[in-house]
Structures are given as structure tokens and as C-alpha cells.
Amino acid sequence: MGISSGIISTVTGSVGSVTTVNDKTGYSLTAGSYSVRASSTQHGSVSFGASDSDLNVTISSVTVTRAFASGDSRTNAVTEVGQSFISTELTGATTVNKKRGASGTITGTSAAEVMELF
Amino acid sequence: MALVHLVWFRRTTGQWIGEWKGLVPEPDIDPTIIGDERLRLMNAWQQRIQSTLGPRCLPGEQEWNLDEWDACPSGGAVCLDVTRFGWPIGDHAWHRWDDPHRMLDWGDEHTFIEIRTDTMEIVANQRSHRPIRDAVPGQHVVDITHTQWARFYGRIFGRFIWREGEQRWSFMPSGTEGCCAPKELAEAPIDLGLGVEKESVYHGEFVQRARH
């Protein structure tokens with residue numbers, strides 16, 4: 001995940017002692033004491049083939065808290081695009097669903113967008 | 001006790017140092033104090049709390065870049081309360097701290113592909129400012145940022161085949177002309193972060209199943 005190998009993880013607990021172990025921090029800021037740039041986004045696309053009339057694909061996702069999601073459908077063929085929508089769960093997965101709207105040969109991708117505003 | 005999620009960054013480079021989430025004593029601040037003075041007292045309270053926190057020292061959900069921690073001089077870090085985001089531990093690793101403007105900023109998006117580990121087919125191309133972790137059983141997310149794969153984002157669909165003689169994965173693009181990744185990716189190196197544990201036959205070709 002782009003994080004260096006020097007990672008440690010332990011179980012959840014609480015602060016017990018008051019021993020100073022961190023002299024590296026010059027200052028601390030609580031929420032409201034600093035700003036955050038605009039938003040974060042996730043864009044995902046899945047592929048579907050000509051024989052897919054009703055396709056559901058579940059993909060891993062960022063864990064969303066205040067995010068909203070939207071879906072679209074793109075094709076590279078000449079016939080109808082069809083319908084596409086997605087549903088978002090808070091557990092880190094997003095389901096992309098594509099339904100063919102008409103007969104004919106359709107291939108392309110369905111896309112999912114997740115955006116979190118601050 | 002209050003649940004807090006704290007993140008440390010280098011002040012000079014903006015680089016993420018680590019994160020800690022856990023229970024701490026509630027701040028004891030006169031509720032009649034408001035505005036800038038309250039913020040000052042809250043920041044001072046947090047500075048006291050965080051002075052007890054660091055790698056290897058206390059229970060709590062945490063992740064650290066120990067190289068950055070060791071390289072950071074005294075006073076060289078800033079500690080932010082990021083509880084309001086509600087993100088998992090480690091998700092701030094790609095954030096950048098802008099010290100002069102006191103602003104938390106985003107780094108470049110990362111690019112990912114997601115594969116089914118039984119057929120080794122690519123099921124999704126993704127981009128995100130935040131880490132995308134494996135969340136679907138039987139699927140695995142691979143970060144391809146800064147590799148030659150990344151520039152073909154949105155067109156990387158197909159499947160991987162294990163080349164036993166060369167001990168590497170090769171890529172077989174799928175899709176119609178113009179919408180799939182170019183054939184040059186077939187020989188492009190990639191680290192899928194997967195082992196190989198058993199042989200199988202898929203679509204008439206020799207492949208090996210990935211160990212996930």
C-alpha cells in the first residue's frame with residue numbers, strides 16, 4: 001500500500017501511563033485548528049462483454065463515511081448503452097451493476113465514482 | 001475516556017510518520033471558555049496526550065513508518081487529530097502536511113487493478129487518493145502506481161498467466177481493439193503480491209492458481 005516495511009500494529013487499548021515518550025512533536029492541532037483540501041475520490045471501472053445481459057461485479061473500495069457514489073456506462077460499440085447503477089456499502093466494497101437495455105452487441109466498461117467532501 | 005485518532009507528519013517534508021487510535025482521558029477544560037482560547041487549550045491538551053504516544057510504547061490500533069520516526073528530530077513533527085474523518089488506521093499514509101498553511105493536502109492518486117485469484121482475471125481498474133485494501137473474498141488489489149501499467153488505466157482488462165519457465169506472470173489482454181491494454185503489457189513486469197500454489201487448466205491454457 002505504499003507504506004514502508006517498518007510498520008507495527010497492536011490491539012486497541014487506552015492511554016495508561018503519562019510517561020513522555022514522544023519529544024518529536026513540535027505542536028499539536030485538534031479538529032478545527034487546521035484546514036483540509038476539498039475532497040477525496042475513488043474511480044473504479046469494470047468491463048463487460050457482449051454476452052453480459054445482467055452483470056454484477058463487486059470491487060474493493062475505500063471505506064466511506066460521508067461519501068456519495070454515482071455510476072455510468074460507457075460503450076465502444078454502436079448499439080444502446082443500457083442502464084448502470086451502483087450501490088455503496090460502508091464495509092469497503094462497492095457493487096457495480098450493469099443491465100443491458102436493448103438487444104445487440106455491446107462491450108465496454110461500467111464506472112463507479114466515490115467522492116468524499118470535507 | 002474519549003476515542004481519538006491521531007496522525008503525525010514531518011513538518012519539513014509533510015511526510016506521514018504514523019497513526020494511533022485509542023482511548024484517552026477527556027480534556028478538562030472550562031466549558032465557558034470558547035473561541036480561540038478554547039482551541040488553544042484543546043491543542044495544548046492534545047500535545048500533552050500525544051507526548052505519551054509513539055511506536056512500541058502503548059496499546060492502541062496503530063501503524064508507523066519507523067524509518068520516518070527515527071529520522072524525525074525533536075520538534076520536527078506535527079500531531080493532528082483526524083478523528084472526524086472516521087477513516088481506518090493507515091488511510092492517512094498518503095496525506096501530505098503543508099506546515100506553513102496548516103493544511104492537510106492530498107498526494108497524487110494511486111492506480112490499482114483488482115484481480116480474481118481463482119482465474120487471475122482483472123475485474124476492475126481503480127484510482128484513489130486513499131489506500132484500497134482487499135475487501136472482496138477471492139479478489140486481490142494490486143497497486144500499480146508508478147509502473148508502466150499505470151498509464152493504461154481504464155484499459156487494463158484480461159488475465160494473468162504464470163510462465164513456469166520464466167517464473168513470472170504474463171498478461172493476456174481481452175476486449176476489443178481500442179479499448180484494451182496494448183500487447184506490450186504482455187511482457188511488462190508486475191508484482192502481484194501473490195504466491196503460486198497449484199496448477200490448473202483454464203480456457204485450455206496452462207496457468208497456476210494464485211495463493212492469496
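Check the entry above for the structure.
Calculation criteria
- Residues numbered from 1 in each chain as written.
- Chains lettered and ligands numbered in written order.
- Predicted model: local features only at pLDDT ≥ 70, side-chain atom pairs only at ≥ 80, totals over all residues.
- Heavy atoms only, no water.
- Core = buried A, V, L, I, M, F, W, Y, C linked by side-chain atoms within 4.5 Å.
- Buried < 20%, exposed > 50% of the residue type's maximum accessible area, 1.4 Å probe, protein only.
- Helix = DSSP H or I, 4+ residues; strand = E, 2+ residues; numbered from the N terminus.
- Pairing = 2+ DSSP bridges.
- Phe/Tyr/Trp six-rings, centres within 6.5 Å; stacked < 30°, edge-to-face > 60°.
- Expected span 1.5 Å × (residues − 1).
- Arc of directions from axis to C-beta.
- Contact = heavy atoms within 4.5 Å.
- Salt bridge = Lys/Arg side-chain N within 4 Å of Asp/Glu carboxyl O.
- Axes fitted to C-alpha atoms, helices over the stretch in contact; angles between N-to-C directions.

Here we take up the nonpolar core. Core analysis: the largest hydrophobic core is formed by 21 residues, its most contacted members being Y34 of chain A together with F9, L80, V82, F85, W97 and L104 of chain B. Among the secondary structure elements, those contributing two or more residues to this core are β1 (25-29) of chain A together with β1 (2-10), β4 (77-81) and β6 (103-106) of chain B. Within the second largest apolar cluster, 19 residues are counted, among which are I113, V142, W162 and L192 of chain B.

All names here are of chain B. Of all seven residues that make up strand β7 (residues 110-116), six are buried, and the element is covered over most of its length. Bridge analysis of β7 against strand β8 (residues 122-128) gives six bridges, and the strand direction is antiparallel. By the bridge assignment, H110 is partnered in β8 with S128. In the sheet, β7 pairs with strand β9 (residues 139-143) via five bridges, with the strands oriented antiparallel. Across the sheet, residue R116 finds its bridge partner in β9, namely Q139.

Our next topic: the pairing of β8 of chain B. Of all seven residues in β8 of chain B, six are buried, a share of seventy percent or more. Linking β7 of chain B to β8 of chain B, which pair antiparallel, is a turn of five residues; within it M120 of chain B sits at a positive phi near 60°.

All names here are of chain B. Inspection of every chain in the model, using the stated rule, returns ten aromatic pairs over all chains. An angle of 55° between the planes, with centres 5.1 Å apart, marks the rings of F85 and W87 as tilted. Judged by its relative accessible area of 1%, F85 falls in the buried class. Measuring from centroid to centroid gives 5.1 Å for W162 and W169, while their planes differ by 70°, and the two rings are edge-to-face. When its relative accessible area of 11% is taken as the criterion, W162 is described as buried. Overall, the relative accessible area of 6% leaves W169 in the buried class. Among the aromatic side chains, those forming a connected cluster through ring pairs are W8, W64 and W69.

Take helix α1 (residues 35-50) of chain B next. Taking 1.5 Å per residue as the helical rise, α1 of chain B with its 16 residues ought to reach 22 Å, and the 23 Å between its terminal C-alpha atoms agrees with that figure. Among the residues making up α1 of chain B, those that are buried are M42, N43, W45, Q46, I49 and Q50 of chain B. Here the buried residues of α1 of chain B occupy an arc of 160° about the axis, which is enough to place them on one side. Exposed residues lying more than 90 degrees from the buried face of α1 of chain B are D36 and R48 of chain B. Buried-residue contacts for α1 of chain B involve β1 of chain A together with β1, β2 (16-24) and β4 of chain B.

Our focus in this paragraph is the pattern of salt bridges. Residues and elements named next belong to chain B. On inspection of all chains with the given rule, the structure shows nine salt bridges over all chains. Across the pair D99 and R11 runs a salt bridge whose closest N-O atoms are separated by 3.5 Å. Remark: R11 occurs in the loop between β1 and β2 and D99 occurs in the loop between β5 (95-98) and β6; sequence separation between them is 88 residues. Across the salt bridge formed by E166 and R168, the nearest N and O atoms sit 2.7 Å from each other. R168 sits in the partly exposed class, given a relative accessible area of 21%.

Looking now at the sheet that holds β4 of chain B. The five strands lie next to each other as β1(A)-β4(B)-β1(B)-β2(B)-β3(B), forming an open sheet whose pairing is mixed. Bordering the open sheet on either side are β1 of chain A together with β3 (61-64) of chain B, each of which pairs with just one other strand. Between one strand axis and the next, the sheet turns by 20° as a mean value, whatever way the strands run. Bridge count between β1 of chain B and β2 of chain B: eight bridges; the pairing is antiparallel. Bridge assignment links V7 of chain B to a residue of β2 of chain B, and that residue is E19 of chain B. Sheet strands in contact with α1 of chain B are β1 of chain A together with β1, β2 and β4 of chain B, and its direction is about 130° off that of β1 of chain A.

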